[in-house]
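# Overview (structure and organization)
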Amino acid sequence: MTEHPPAGARVAPAGATLGRLLGRTDPDTFATAYWGRQLHLATVEDRGGDDFSDLFGLDAVDELVSERGLRTPFLRVARDGSTLPERAYTAGGGIGAGVADQVSDDKLLQLFADGATIVLQGLHRTWGPVRGLAAALAADLGHPVQVNAYVTPPQNQGFADHYDVHDVFVLQVHGEKRWALREPVHRDPLRDQPWTDRRAAVEDQARREPALETTLRPGDCLYLPRGWVHSARALGGVTVHLTFGVHQWTRHHLAEALLDRVRPLLAERDDLRSSLGLGLDLADAASVEDEVERVRGELLETLAAVPTDEVVRVLRGRARAGQRPAPVRPLAQLAAAETLRPSSRLRVREHLMTDLIESSGREVVVSSRAGRFSVPAAQGDTLRHLLEVGESTVVALAEEAADALDLARLLVRQGLVVVEP
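Computed from a prediction, not measured in an experiment: that's the story for all the values here. (Residues numbered from 1 in each chain as written. Predicted model: local features only at pLDDT ≥ 70, side-chain atom pairs only at ≥ 80, totals over all residues. Heavy atoms only, no water.)

## Remarks on the sheet that holds strand E13 (residues 345-348)
Adjacent strands of a sheet pair through backbone hydrogen bonds, lying either parallel or antiparallel. Put simply, the rule reads: Here, strands pair whenever DSSP counts at least two bridges between them. By definition, any uninterrupted DSSP run of H or I lasting at least four residues is a helix, any uninterrupted run of E lasting at least two residues is a strand, and each is numbered from the N terminus. Here, axes are lines fitted to C-alpha atoms. For helices the fit covers the stretch in contact, and angles between N-to-C directions go from 0 to 180 degrees. Here a residue-residue contact requires only that any non-hydrogen atoms of the pair lie within 4.5 Å.
Here we have 3 strands laid out as an open sheet, ordered E17-E13-E18, and antiparallel in their pairing. Edge positions in the open sheet fall to strand E17 (391-393) and strand E18 (417-419), since each of these has one partner strand only. Between one strand and the next, the sheet's axes are offset by a mean angle of 25°, whatever the strand orientation. Packed onto the sheet, helix H13 (residues 380-389) meets E13, E17 and E18 and runs at close to 125° relative to E17.

Below, the structure written as structure tokens:
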């Protein structure tokens, strides 16, 4: 199988969504001076008065917790720096639901009145405006993004000083919150290096003078690289902020991908499969030193032979699994597929991360976040053009009207395109 570069692959620098968050700082400057290194604060004035009211607010919080039937882990509750057990804020779903962990608005009412912070998790899946911005930001950055909302009662602090293992864009959407930010005690922590592993160092750092102490107001956006120690306290009234967590790809991921590719290759090397000699004494490092160096050489030689595109393919698979494409309405799209006309317009779904893979010259495998399917090889160029330009009429897909309609219906049913109203 021959794999071609991703059709329509993004090569442009970070775009409009990142620019919306940064205000006066252009994305290129952010990439070189701030990304992964330094704090960045863009006030609502820097951002032209945009207060994020189109994204989220108090009414959205009430709707999610009282009308959407949320279950854990889409919500958690914290008080006095600790997360409460699920039973403190969940209840059964009632007759016929068969759900034991549905969020209880009654319990939340009491907990919030008593000073607990509500954390709405996974808003990139549950709230449309946030979902759209998160997907666009992930496309701009090239790194996966997830979103939480923190809803804090007046004069309360949801969590003690800590650091995150991912970068964060904090978007203040309601009320005011006082932030204290301090230099990392462990720079660029990995996912398996949480702040609790360095609790004493974090607590000591929290007693030091902050590198930045600021009050965020609606429309302010604060960027924190992973590892920065921080805490936040509500001022005056209820506050809500969104955290867009950026789960970066790192050089450590590249190292893991290299090792993933090397392991099966090592098993094919005759010399490495051979047995060590008799009389082996593993308590004596000197007795196996020559063998270790011999294996080290084999390992380095095998590492050097792994093609870059194989490493990228490993990470690309992880990236594809880490985000979802733009939502699709199954019933509406299936109905639209049945009434397609040659003049009907089709639009490629956003954020599909699509690859076209030629297989034996007879077919092309279409692989994306929506799944995999095959088309005849003769339709490969048509699909590449469609993915590149992002839209088409049905009639433009094939010379024969019947073939065009058949291909269009296949693409709709496979979730690659949607029919424009």
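Having put the structure on the table, let's press on.
## Details of the packing of helix H8 (residues 251-266) against helix H10 (residues 289-305)
Axes are the key here: two packed helices are described by the angle between their axes and the distance separating the axes. Put simply, the test is: Here a crossing is called left-handed whenever its near helix is offset anticlockwise from the far helix by less than a right angle, and right-handed whenever the offset is clockwise. Each residue gets one of three labels, nonpolar for Ala, Val, Leu, Ile, Met, Phe, Trp, Tyr, Cys and Pro, charged for Asp, Glu, Lys and Arg, and polar for the others, Gly among them.
Interhelical geometry of H8 versus H10 gives an angle of 120° and a closest axis separation of 10 Å. Judged by the sense of rotation from one axis to the other, the crossing of H8 with H10 is right-handed. Residues Leu258, Val262, Leu265 and Leu266 of H8 form the contact with H10, whose own contacting residues are Glu298, Leu299, Thr302 and Leu303. Classifying every residue of the contact of H8 with H10 gives 6 nonpolar, 1 polar and 1 charged.

## Focus: the environment of Pro194
Filter applied, for reference: We call a residue buried when its accessible area falls under 20% of the maximum for its residue type, exposed when it is over 50%, and partly exposed in between, using a 1.4 Å probe and counting protein chains only.
Relative to the elements of secondary structure, Pro194 occurs in the loop between strand E9 (167-182) and helix H7 (199-206). When its relative accessible area of 29% is taken as the criterion, Pro194 is described as partly exposed. In this structure the C-alpha to C-alpha distance between Pro194 and Val168, which are 26 residues apart in sequence, comes to 15 Å. Not counting residues within four places of it along the chain, the set of residues in contact with Pro194 comprises Tyr163 and Val165.

## Details of the nonpolar core
Using the following cut-off: Nonpolar cores were defined as sets of buried Ala, Val, Leu, Ile, Met, Phe, Trp, Tyr and Cys residues, with membership established by side-chain atoms within 4.5 Å.
In this structure, Phe56, Leu120, Leu123, Phe169, Leu171, Leu242 and Phe244 are the most contacted members of the largest nonpolar core, which totals 43 residues. Per element, the largest residue contribution to this core is 6 residues, and it comes from helix H6 (residues 128-141). Residues in contact with Phe244, not counting those within four places in the same chain, are Val130, Leu133, Ala134, Leu137, Val145, Gln146, Val147, Asp167, Val168, Phe169 and Leu171. Grouped together as the second largest cluster of nonpolar side chains are 25 residues, Leu386, Val394, Ala404 and Leu407 included.

## Observations concerning the packing of aromatic side chains
Operational definition: A pair of aromatic rings is counted whenever rings of Phe, Tyr or Trp (Trp by its six-membered ring) have centres within 6.5 Å, and the orientation is called stacked for planes under 30 degrees apart, edge-to-face for over 60 and tilted otherwise.
This structure, assessed with the given rule, holds 7 aromatic pairs. Ring centres 6.3 Å apart and planes at 15° place the aromatic pair Phe30 and Tyr34 in the stacked group. The buried category is assigned to Phe30, whose relative accessible area is 1%. The class of Tyr34 is partly exposed, set by a relative accessible area of 24%. Among the aromatic side chains, those forming a connected cluster through ring pairs are Phe30, Tyr34, Trp35, Phe169 and Tyr223.

## Considering the pattern of salt bridges
The cut-off we apply is this: We count a salt bridge whenever a side-chain nitrogen from Lys or Arg sits within 4 Å of a carboxyl oxygen from Asp or Glu.
Applying the stated criterion to the full structure yields 28 salt bridges. In this structure, the salt-bridge partner of Glu293 is Arg296, at a minimum N-O distance of 3.0 Å. Highlighted residues: Glu293 and Arg296, both in helix H10, separated by 3 residues, approximately one helical turn. Among the residues examined, Glu293 registers a relative accessible area of 42% and is labelled partly exposed. Accessibility expressed as a relative area gives 42% for Arg296, which makes it partly exposed. Arg384 is the salt-bridge partner of Asp381, the closest N and O atoms lying 3.4 Å from each other. Placement of the pair is Asp381 and Arg384 together in helix H13, with a separation of 3 residues, close to one helical turn. A relative accessible area of 23% means that Arg384 is categorised as partly exposed.

Shape descriptors only; they carry no functional weight alone.
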